[in-house]
Amino acid sequence: MGSEATEQSSERSQWVLNSPNPPPLTKKLFGPLKNSNNFFFSSSSSKKETRSRRAVSFLASLFPILSWFRTYSATKFKDDLLSGLTLASLSIPQSIGYANLAKLDPQYGLYTSVIPPVIYALMGSSREIAIGPVAVVSMLLSSLVPKVVDPDAHPNDYRNLVFTVTLFAGIFQTAFGVLRLGFLVDFLSHAALVGFMAGAAIVIGLQQLKGLLGLTHFTTKTDAVAVLKSVYASLHQQITSSEKWSPLNFVIGCSFLIFLLTARFIGRRNKKLFWLPAIAPLLSVILSTLIVFLSKADKHGVNIIKHVQGGLNPSSVHKLQLKGPHVGQAAKIGLISAIIALTEAIAVGRSFANIKGYHLDGNKEMLAMGCMNIAGSLTSCYVSTGSFSRTAVNFSAGCQTAVSNIVMAVTVLLCLEFFTRLLYYTPMAILASIILSALPGLIDIGEAYHIWKVDKFDFLACLGAFFGVLFVSVEIGLLIAVSISFAKILLQSIRPGVEILGRIPTTEAYCDVIQYPMAITTPGILVIRISSGSLCFANAGFVRERILKWVEDEEQDNIEEAAKGRLQAIIIDMTDLTNVDTSGILALEELHKRLLSRGVELAMVNPRWVVIHKLKVANFVDKIGKERIFLTVAEAVDACLSSRFVNTA
């Protein structure tokens, strides 16, 4: 039986040694590009497929609406119609408010709620997501673009630069989708996004004090300290100077803010009244406009919107600034906006897709978002994405498909065509109230506490993003968050887990002796696992020195307790190791030499195919001996105990 077991172990060792060669470097680098056809064509498509069928497959993949619209029914349209109208009642006032936040005229927010939602309905795969301007992206633009062009001194140039930024954002998003570069969005981790959103919400809220208090002089900075100083200075100046300041702005704004928050609270407590917080902003606009018009409050210091340009989205092709000194800045802002917009949209889309039980393809979503922003940049829109608050309303209203976005877009278009003149007397304070009422949804204290409990390093990234956005600037907050996330990855790379393993009683499993105190170590044998994806230049020295330190400690213990016997072998479990570079191989060679000088043998267990291939090419396998490669730790330990490889030195 012993001879038969030895033969079987040797045969299994050959399985490890004779693993197929890994794919070449060119395939790793350019594989995603070569496989991009699968983005549009089904992987099961036959080569004999006719051109017409491939064209149909291409169009169905590019425009998902062609697939599901064939089964679309009148019942679904009724649900989508109700959802779309409910969505429009929330979208119209929010779009005007977010345009004001982005330092654009009100109509540009409405334009952004027309073209992009229609494009997404044709190309997107989410059934619930509501497309349009959002608070975070609007704040992002209002904090970054004014550093390039002053919106007060050069409003037309500022607007044109925003359109150019939108074009670049769309181009980047499209490229991410086609080239399958969605992993770039993941550099902004979930924890960092939670902190960023919370910090951005507070900054947005502070900026709304301008409209809520009716201030005329305000800072262009976005950090909390500068905004609060500006509020105090502006308020003091307007009160003490001859310039008239009216408290009516504050009264109107706070009154409707209380109404909006109350409606939000009722809607959350009673799901059947989901429509109340959805329609409350539109009711607030209508009521406040009537109050100002009938009381002529605008003549008593209440700031109003005044003229809102109506009609269809005008072309903005000739307004794009693709030449000149600001193209590089526009591309940089476009990249930041693209990543933030995609991160928010995909997070929103996937959360509701999970509820409904269907899969959302991130790469196709990126393509749809990119195309809608490119189209938007050509039709006087700024960067749009999926809104969590409006998506929640759309979901609660019972939407069935993306047709609800089309219904919303048509409703907003009708508003642009026929009702913009009615917005003349809408007070600016009501726009601030609408934005403020939407901000609590961006601050997730419960999730931040959950991050703290689960991973303190992630919580540090969350705090970095939060305080960076709140007290410095948006880009610094993002930079801090991404830097902390990279530091976490780097720390895990240069200090990987290196564990001593022992056998769990009554099993053949070998586990970490610290995690499992009942695990039994074998006298004279030290079993070590490298818990890292890669043994590379960053961590090879650390791993080598850690193992040698354990060897020294083991030998010292054996001197003190002679009964244990001399350390005979080191067995390295490489199951978790997926790659090794030349520095890692050199570290293994040096480790082998130093162990041999101490009379200790080295064996390896289950190196992955990339690892064993490189070790064979580097002749390391020949140096330690092929008989020292094993499939399992148990086989390596048994071989050591039977002196099968210890005596071959």
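Residues numbered from 1 in each chain as written. Predicted model: local features only at pLDDT ≥ 70, side-chain atom pairs only at ≥ 80, totals over all residues. Heavy atoms only, no water.

**Some thoughts on the domain arrangement of the protein chain**
In step 1: What the domain assignment lists for the protein chain is domain 1 (72–487) and domain 2 (495–647).
In step 2: Just the C-alpha atoms count here: the centres of domain 1 and domain 2 sit 56 Å apart. (Domains from an automatic or database assignment.)

**Considering empty space enclosed by the protein**
In step 1: Summed over all chains, the structure comprises 3 cavities of 30 Å³ or more.
In step 2: Around the largest cavity, the lining residues are Ile530, Leu535, Ala540, Val543, Arg544, Ile547, Ile572, Gly584, Ala587, Leu588 and Leu591.
In step 3: Here the residues of the lining of the largest cavity sort into 9 nonpolar, 1 polar and 1 charged. (1 Å grid on protein atoms, 1.4 Å probe; cavity = no way out; pocket = protein on both sides within 12 Å on 5 of 7 lines; lining within 4 Å. Points joined across faces, edges and corners; volume = space filled by probe spheres on them. Nonpolar A, V, L, I, M, F, W, Y, C, P; charged D, E, K, R; others polar.)

**A look at the environment of leucine 215**
In step 1: With respect to the helices, strands and loops of the structure, leucine 215 is situated in the loop between α12 (209–213) and α13 (224–240).
In step 2: Looking at leucine 215, the relative accessible area reads 4%, which means it is buried.
In step 3: In the structure, leucine 215 is positioned 89 residues away from isoleucine 304 in sequence and 12 Å away in space, judged by C-alpha atoms.
In step 4: Setting aside chain neighbours within four positions, we find leucine 215 in contact with Leu209, Lys210, Val231, Ser234, Leu235, Gln238, Trp245 and Asn303. (Helix = DSSP H or I, 4+ residues; strand = E, 2+ residues; numbered from the N terminus. Buried < 20%, exposed > 50% of the residue type's maximum accessible area, 1.4 Å probe, protein only. Contact = heavy atoms within 4.5 Å.)

**Details of the packing of helix α6 (residues 74–101) against helix α15 (residues 275–295)**
In step 1: Their axes nearest at 7 Å, the elements α6 and α15 cross at an angle of 45 degrees. Classified by the angle between their axes, α6 and α15 sit oblique to one another. Read as a crossing pair, α6 and α15 show a hand that is left-handed. In contact with Thr86, Ser89, Leu90 and Pro93 of α6, α15 contributes Pro277, Ala278, Ile279, Pro281, Leu282 and Val285.
In step 2: Of the residues assigned to the contact of α6 with α15, the class counts are 8 nonpolar, 2 polar and no charged. (Axes fitted to C-alpha atoms, helices over the stretch in contact; angles between N-to-C directions. Parallel < 35°, antiparallel > 145°, perpendicular 65-115°, else oblique. Left-handed = near helix turned anticlockwise from the far one by under 90°.)

**Remarks on the pairing of strand β7 (residues 569–573)**
In step 1: Among the 5 residues in β7, 5 count as buried, and that is most of the element.
In step 2: Of the two faces of β7, the one lined by Ala569, Ile571 and Asp573 and the one lined by Ile570 and Ile572 are each fully buried.
In step 3: Pairing between β7 and strand β9 (residues 601–605): 5 bridges, direction parallel. The partner of isoleucine 572 across the bridge, within β9, is methionine 604. (Pairing = 2+ DSSP bridges.)

**Points about the pairing of β9**
In step 1: Taking burial as the measure, the 5 residues of β9 include 5 buried ones, the bulk of the element.
In step 2: Residues of β9 alternate between two faces, with Glu601, Ala603 and Val605 on one and Leu602 and Met604 on the opposite face, all of them buried.
In step 3: As defined by bridge partners, β9 adjoins strand β10 (residues 629–630) across 2 bridges and the pair is classed as parallel. Residue pairing in the sheet places valine 605 in a bridge with phenylalanine 630 of β10.

**Focus on the environment of leucine 414**
In step 1: With respect to the helices and strands, the residue leucine 414 is situated in helix α19 (residues 403–418).
In step 2: Considering only alpha carbons, one finds leucine 414 and glycine 311, 103 residues apart in sequence, at a separation of 8.6 Å.

**Thoughts on the sheet that holds β9**
In step 1: Read from one edge of the open sheet, 6 strands run β4-β3-β5-β7-β9-β10, paired in mixed fashion. Looking at which strands have only one partner, the edges of the open sheet turn out to be β4 (510–512) and β10.

**Quick look at the nonpolar core**
In step 1: Grouped together as the largest cluster of nonpolar side chains are 94 residues, with contacts concentrated most on Leu141, Val145 and Phe196.
In step 2: Ranked by residues supplied to this core, first place goes to helix α11 (residues 190–207) with 10 residues.
In step 3: Setting aside chain neighbours within four positions, we find leucine 141 in contact with Pro146, Tyr158, Val162, Val165, Ile333, Ser337, Tyr382 and Val383.
In step 4: Membership of the second largest hydrophobic core comes to 36 residues, among which are Leu535, Leu548, Trp550 and Ile585. (Core = buried A, V, L, I, M, F, W, Y, C linked by side-chain atoms within 4.5 Å.)

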